[in-house]
Amino acid sequence: MRVARDKDDLANALLIARAEAETAFGDPSVYIEKYLPTPRHVEVQLLGDSYGTVVHLGERECSIQRRHQKLIEESPCVALKPAVREKLLTTAVQGAQAMNYSSAGTMEFLVQGDQFYFMEMNTRIQVEHPVTEMVTGRDLIKEMIAVAAGQPLSFAQKDVRFNGHSIECRINAEDPERDFAPSPGKVGFVHMPGGMGVRVDSHVYQGYTISPYYDSMIAKVICHGLDRDEAVRRMIRALEECVVDGVHSTIDFQRAILMEPSFQRAELSTRFLEGYQWDGKTLTLGGALAAKS
C-alpha cells in the first residue's frame, strides 16, 4: 500500500506498488481507493450456511496495529453511533448474502466519522474470533464445522444476544524496541493468567522452541467485562500475571497501551502507534494520531 497525495506522488507510488505486487504475488495489478487519514478498522463477524441463511455476530474494533497487523481487538466498537452500526452490520450481511456465502467469515471496513468503506473480506475464521465468542456466547468453530458438514446454522439473527465488552491481546514473540523484530528461541518459564472473565488460547509451554519460519504469535489473552472499562482493567491485570521468559514479547508493550489515557477514552485509529517510542517501560505516542470520533 502506498499513499499518493498529489499527481507526482501517484506516479512514483504506482511504480513501487506494481513492482512489489509483481515480486510478492506474480501480479502487478493495482487498484486505487480513497485515503483516510485516521480511520478505525472495524470488522463484522459473519456466519452463513448452504441454505441461504447469513447472520452477523456484531462488530470488532481492530484499530491498534503495527505494520497493518492487529495487536489488540475488542467488541463492540464503542465509537459507532447506533444508526451507523446498524447500517454497517446490514451492509455486511447483504454483501455475504449476495455471494451466497457459507462458513465463518469477516467483512472488514475502514470507518471515518459516520462513514464506512469496504476494505476486504476474510473468508475464514479470524485470529480474534474469541472476542466475539465472549460477548455472544456462541461457539464459532462449532458452527463453522457444522456448516461445512452440510448442517444449517443452529440459530437465527433474532437469537443473537450481546453481553458486555471483550478485549483480546495477541501476544507475539517480537521486540517492540526494535520495530517488532521477530524473537525466535527457546521459551523458559511460562505462566498464563486466569480467573473470572479471562481466556487464554496458546500452544506454548516451558521448553518450547519458537521457530523463525512461522507467525510470531505465541498466545491470545481474552478478557470479558460488564463494560469496556472493566474489560480493560481486567486485561491490564491479566497481562501483569502473564510471563513468557527466554524471548522478547509484546506483553509489557500491550499493557502500556491499555494504560494510555487516549486508549481508555477509546480515541483510536489505525495510526495510533505511528511514531511510538518504547524503552521497555515507558510508551510515548507520536503526535495527534488518535481518532476523536
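Residue positions within a chain follow its written sequence, with the count starting from 1. For this predicted model, a pLDDT threshold of at least 70 governs which residues receive local features, and a threshold of 80 or more governs which side-chain atom pairs are given and counted, while totals over whole chains, interfaces and linings are taken from all residues. Only hydrogens and water are removed before side-chain values are computed, so all heavy atoms of the structure are retained for them.

Description of the nonpolar core
Residues grouped as a nonpolar core are buried Ala, Val, Leu, Ile, Met, Phe, Trp, Tyr and Cys residues, joined through side-chain atoms within 4.5 Å. Three exposure classes are used, based on accessible area relative to the maximum for each residue type with a 1.4 Å probe and protein chains only: buried under 20%, partly exposed in between, and exposed over 50%. Among the nonpolar cores identified, the biggest contains 38 residues, and I64, I72, F253, I257, L258 and F263 are the most heavily contacted of them. Note on conventions: DSSP H or I runs of at least 4 residues are helices, E runs of at least 2 residues are strands, and numbering of each starts at the N terminus. For this core, the elements supplying multiple residues, two or more each, are β3 (69-75), β6 (165-172), β13 (217-225), α5 (228-241) and α6 (251-259). The leading source of residues in this core is α5, at six residues. Formed by 18 residues, the second largest nonpolar core is a distinct cluster that contains L46, V54, L80 and L88.

Remarks on the confidence of the model for the protein
Here the protein shows a mean pLDDT of 94. Residues at 70 or above account for 98%. Confidence drops under a pLDDT of 50 for residues 288-293, and excluding neighbours within four residues, the segment shows 18 contacts in the predicted structure. Each residue carries a pLDDT score, the predictor's own confidence in it, on a scale running from 0 to 100. Pairs of residues are marked as contacts when any of their non-hydrogen atoms sit within 4.5 Å.

A look at the state of the cysteines
The disulfide criterion used throughout: a pair of cysteine sulfur atoms within 2.5 Å. Scanning the model with the defined rule gives zero disulfides in all. Unpaired in terms of disulfides, C62 finds its nearest cysteine sulfur in C77, a separation of 9.4 Å.

Focus on unusual backbone geometry
In this structure, the amide linkage connecting S75 to the following residue, P76, adopts the cis form with an omega of 0°. Tracing the backbone through its elements, the reader meets P76 in the loop between β3 and α2 (82-98). A positive phi angle, near 65°, is found at H68, a position not held by glycine. Within the secondary structure, H68 sits in the loop between β2 (54-66) and β3. For H68, a relative accessible area of 58% puts it in the exposed group. With phi around 55°, D179 is a residue other than glycine that occupies positive phi space. As for its placement among the helices and strands, D179 is situated in the loop between β7 (174-175) and β8 (181-182).

A look at the environment of G197
Position of G197 relative to the elements: it lies in the loop between β10 (190-191) and β11 (198-202). Once residues within four sequence positions are removed from consideration, G197 is found in contact with M134, I222, C223, H224 and R234.

Brief notes about the pattern of salt bridges
Whenever Lys or Arg places a side-chain nitrogen within 4 Å of a carboxyl oxygen from Asp or Glu, that contact is recorded as a salt bridge. This structure, assessed with the given rule, holds 22 salt bridges. Here R60 and E43 are joined by a salt bridge, their closest N and O atoms 2.8 Å apart. Note that R60 is positioned in strand β2 and E43 in strand β1 (residues 40-48), a separation of 17 residues in sequence. Take R60 and E43: they sit in the same class, and that class is buried. With a shortest N-O distance of 2.5 Å, E174 and R66 are connected by a salt bridge. Here E174, found in strand β7, pairs with R66, found in strand β2; they are 108 residues apart in sequence, far enough to count as distant. A residue is classified by how much of its surface remains accessible, and E174, at 4% relative accessible area, is buried. Among the charged side chains, a salt-bridge network with shared partners connects E43, R60, K70, E73, E108, E128 and R170.

Some points on the side chain of Q126
Here Q126 shows up in the loop between β5 (115-122) and α3 (129-136). Nitrogen and oxygen atoms within 3.5 Å of one another constitute a polar contact, given that in protein one can donate a hydrogen and the other can accept it, and given that sequence-neighbouring residues count only through two side-chain atoms. Polar side-chain contacts of Q126 include one of 2.7 Å to the side chain of R124. Q126 has contacts with E43, R60, K70, T106 and E108, leaving out every residue within four places of it along the chain.

Concerning the side chain of H41
Relative to the elements of secondary structure, H41 occurs in strand β1. Exposure remark for H41: the relative accessible area of 7% places this residue in the buried category. Once residues within four sequence positions are removed from consideration, H41 is found in contact with R60, E61, C62, S63, Q65, K70, E108, F109, L110, M119 and T270.

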